[in-house]
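Given next are the chains, with one letter for each unit.
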Amino acid sequence: QEEVESVVSMLVEQARTLSRSGMKKHLRVLPMYAGLPASEQMKVFERISHGVRKVVVATNIAETSITINGMSFVIDCGFVKLRAYDPKRAIESLVVVPISQASANQRAGRSGRNRSGQCYRLYTEEDFHKLPPSTVPEMQRSNLSPVILQLKALGIDNVLRFHFLSPPPAQSMVQALELLYALGGLDKHCRLTDPLGVRMAEFPLNPMFAKMLLESGNFGCSAEILSIAAMMQIQKVLVIPPNQKSQAAREHRKFAVQEGDHLTMLNLFEAFIKFNKSSHWCQQHFLNYKGLMRAVTVREQLKKLLGKFKVPKNSSEGDPDPILRCIVSGFFGNAAKLHSSGVYRTVRDGHELHIHPTSVLYAEKPPNWVIFSEVVQTSKYYMRDVTAVESAWLLELAPHFYQQGTHLSRTSKRAKMDIL
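Computed from a prediction, not measured in an experiment: that's the story for all the values here.

Draft legend 1. Spotlight on the overall build of the chain. Helix and strand counts for the chain come out as 18 helices and 11 strands. Relative to the 2.2 N^0.38 estimate, which gives 22 Å for 420 residues, the radius of gyration of the chain is 24 Å and therefore close to what a compact globule would have. By principal-axis analysis of the C-alpha atoms, the chain measures approximately 70 × 50 × 45 Å. Across the 420 residues in the chain, those meeting the buried criterion constitute 45%. Long-range contacts, defined as pairs at least 24 residues apart, comprise 66% of the intrachain contacts of the chain with a sequence gap of at least 6. In the structure as shown, the chain presents an accessible area of about 22300 Å², 52% of it carried by carbon and sulfur atoms. Separation between the mean location of the 52 positive side-chain charges and that of the 37 negative ones in the chain comes to 6 Å.

Draft legend 2. Structural view of the packing of aromatic side chains. In this structure the tally under the stated criterion is eight aromatic pairs. Here Phe162 and Phe164 contribute two aromatic rings whose centre-to-centre distance is 4.9 Å and whose plane-to-plane angle is 75°, an arrangement assigned as edge-to-face. Consider the rings of Phe255 and Trp281, whose centres lie 5.9 Å apart with planes at 75°: the pair is edge-to-face. You can see Phe255 sitting in the loop between α11 (245-253) and α12 (261-274) and its partner Trp281 sitting in helix α13 (residues 279-284), a full 26 residues away along the chain. Both residues of the pair, Phe255 and Trp281, belong to the buried class. Every member of this aromatic cluster is reached through a ring pair, and the members are Phe255, Phe272, Phe275, Trp281 and Tyr289.

Draft legend 3. Seen up close, the pattern of salt bridges. As enumerated under the stated definition, the model contains 13 salt bridges in all. Within this structure, Glu63, Asp76 and Arg107 form a network of salt bridges that share partners.

Draft legend 4. Broad picture of the environment of Ala392. Residue placement: Ala392 occurs in helix α16 (residues 391-397). Once the C-alpha coordinates of Ala392 and Val57 are considered, the two residues, 335 residues apart in sequence, prove to be 47 Å apart.

Draft legend 5. Inspection of the sheet that holds strand β9 (residues 352-355) at higher detail. The strand order around the closed barrel formed by five strands is β7-β8-β9-β11-β10, and the pairing between neighbours is mixed. Recorded for the sheet is a direction-independent mean angle of 50° between the axes of neighbouring strands. By the bridge criterion, seven bridges tie strand β10 (residues 369-377) to strand β11 (residues 381-388) in an arrangement that is antiparallel. Across the sheet, residue Gln377 finds its bridge partner in β11, namely Tyr381. In this fold helix α15 (residues 320-331) packs onto β7 (335-338), β10 and β11, with an angle of close to 50° to the strand it touches most, β10.

Draft legend 6. A look at the layout of surface pockets. The volume enclosed by the second largest pocket comes to roughly 860 Å³. Going through the elements one at a time, α1 (2-20), β1 (26-32), α2 (38-41), α13 and α14 (289-308) are the ones with two or more residues in the lining of the second largest pocket. When residues of the lining of the second largest pocket are assigned to their parent elements, the largest contribution, five residues, is made by α1. For the lining of the second largest pocket, the per-class residue count stands at 18 nonpolar, 10 polar and seven charged.

Draft legend 7. Representation of a nonpolar patch on the surface within the structure. Where nonpolar side chains cluster on the molecular surface, the patch consists of Phe73, Ile75, Tyr120 and Leu122 and spans about 460 Å² of accessible area. Summarising the element assignment, Leu122 is placed in the loop between β6 (118-121) and α5 (125-130).

Draft legend 8. View of unusual backbone geometry. The step from Asp194 to Pro195 runs through a cis peptide bond, and the omega angle for that step is 15°. By secondary structure assignment, the location of Pro195 is in the loop between α7 (170-183) and α8 (196-202). In this structure, Asn276 is a non-glycine residue whose phi angle is positive, near 55°. Along the chain, Asn276 falls in the loop between α12 and α13. Judged by relative accessible area, which is 68%, Asn276 ranks as exposed. Phi is positive for Lys277, close to 55°, though the residue is something other than glycine. As for its placement among the helices and strands, Lys277 is situated in the loop between α12 and α13. The class of Lys277 is partly exposed, set by a relative accessible area of 34%.

Draft legend 9. Main features of the pairing of strand β5 (residues 91-98). Where strand β4 (residues 79-86) lies against β5, eight bridges are found, and the strand directions are antiparallel. Counterpart to Asp86 in the pairing with β5 is Ile91. The turn linking β4 back onto β5 is made up of four residues, and Ala90 within it adopts a positive phi angle of 55°.

Draft legend 10. A look at the UniProt feature "domain: Helicase C-terminal" (unreviewed entry) in the chain. Here, UniProt's "domain: Helicase C-terminal" (unreviewed entry) annotation points to residues 1-155. Helix makes up 32% of residues 1-155 and strand 25%, whereas the separation of the span's terminal C-alpha atoms amounts to 42 Å.

Draft legend 11. Fine view of empty space enclosed by the protein. Within the structure shown, the criterion is met by one cavity of 30 Å³ or more. Around the largest cavity, the lining residues are Arg89, Ala90, Ile91, Gly333, Asn334, Ala335, Thr346, Val347, Arg348 and Phe372. By residue class, the composition of the lining of the largest cavity is five nonpolar, three polar and two charged.

Draft legend 12. View of the packing of helix α9 (residues 207-219) against helix α10 (residues 222-232). Following both chains from N to C, one finds α9 and α10 inclined at 165°, their axes separated by 8 Å at the closest point. When the axes of α9 and α10 are compared, the pair comes out roughly antiparallel. The handedness of the crossing between α9 and α10 is left-handed. Here Phe209, Met212, Leu213, Ser216 and Gly217 of α9 come into contact with α10, specifically with Ser222, Ile225, Leu226, Ala229 and Met232. Each residue belonging to the contact of α9 with α10 can be placed in one class, and the counts come to seven nonpolar, three polar and no charged.

Reading the values: the criteria
Residues numbered from 1 in each chain as written. Predicted model: local features only at pLDDT ≥ 70, side-chain atom pairs only at ≥ 80, totals over all residues. Heavy atoms only, no water. Helix = DSSP H or I, 4+ residues; strand = E, 2+ residues; numbered from the N terminus. Rg over C-alpha atoms; globule rule 2.2 N^0.38 Å. Buried < 20%, exposed > 50% of the residue type's maximum accessible area, 1.4 Å probe, protein only. Contact = heavy atoms within 4.5 Å. Areas by Shrake-Rupley, 256 points an atom, 1.4 Å probe, with all protein chains shown as cover. Lys, Arg positive; Asp, Glu negative; His and termini not counted. Charge placed at Lys NZ, Arg CZ, Asp CG, Glu CD. Phe/Tyr/Trp six-rings, centres within 6.5 Å; stacked < 30°, edge-to-face > 60°. Salt bridge = Lys/Arg side-chain N within 4 Å of Asp/Glu carboxyl O. Pairing = 2+ DSSP bridges. Axes fitted to C-alpha atoms, helices over the stretch in contact; angles between N-to-C directions. 1 Å grid on protein atoms, 1.4 Å probe; cavity = no way out; pocket = protein on both sides within 12 Å on 5 of 7 lines; lining within 4 Å. Points joined across faces, edges and corners; volume = space filled by probe spheres on them. Nonpolar A, V, L, I, M, F, W, Y, C, P; charged D, E, K, R; others polar. Patch = residues over 30% accessible without salt bridge, like charges linked within 9 Å, V, L, I, M, F, W, Y side chains within 5 Å. UniProt positions renumbered as here; feature names shortened; annotations may be inferred. Parallel < 35°, antiparallel > 145°, perpendicular 65-115°, else oblique. Left-handed = near helix turned anticlockwise from the far one by under 90°.

Rendered as structure tokens:
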């Protein structure tokens, strides 16, 4: 999003300079990415007059998902952001990598859909032939814990011998089995536990979210955890128009709390419900109305699942501690500690992480211990959906993970127990 908007503003500035020097055609520069509000996305499909040239700056959403009529020229940068999972660090991140030849041909096909067109590639023909023929299958670059959970639920016990169309790395399989064992979804014989593992498999979510939801009744905060889990499934709830950044930031700060992003999202959702799911209220506070309505739908689906499993319906009545402890019960594997150098390091292997600039904790005094939902890699490794926690909760709620366990636990974590 930031890169697209940066290029848009540079093009607008360039167009102004050229118009002053006598350029006859006006440029209409439009961004296109998945997190853009629907009304803004629709602008790229609008017809324009003959005296205007439309320029669309897009992510790879324009590669396969949409077709914009009238495009005559495509400029292909030769890179793409792919979701990739690193089993050594147990971190899923967005990484910038060179595209494949198949993607390059697909991008070239965006020009000339209904007239002749051209594609300008910002790399040489020699480099094109060095590109991989096709993109690495998602099965080989994903966190396999949800896949293994589903296979176990289908009765396929020997997942290591399962004939995948694109066999994933063995290390990813081992790491996924370790995580599921730590979450209580598998027993020491690698079989699905009953009832926890069976119930986790029924949730259409990451196993960490499923564990958090199933434990919420025991912590007395299932109402709040349902809202948080639903909000975490929605991308780009906060709308930040390029020309109103400071105003949007001021409105978003009204919902922020010092505990972190999870409780901030809870505040936001509860405020949306309090103001009768008003689209006008969302516009005033720079929030994605359709995204919030989707969160309401997701919450109802998750609520039915919790009802099916007879998880007690309760609320913490404004007390944040049970909610934070419940989040730790699911996401204890994603813990990081503030290092003396000023950066965060994962408890698992001391990997360096930073708080993402969009987090409410970014500009605040950094807490000593945090839990995060995912990691995004750009110039650095950034944690997203960050919440401050107490170190004692990690030992209390996941002693099996931090004191004993598999090889990853024993070798790299026991040495860190002194810190805890």
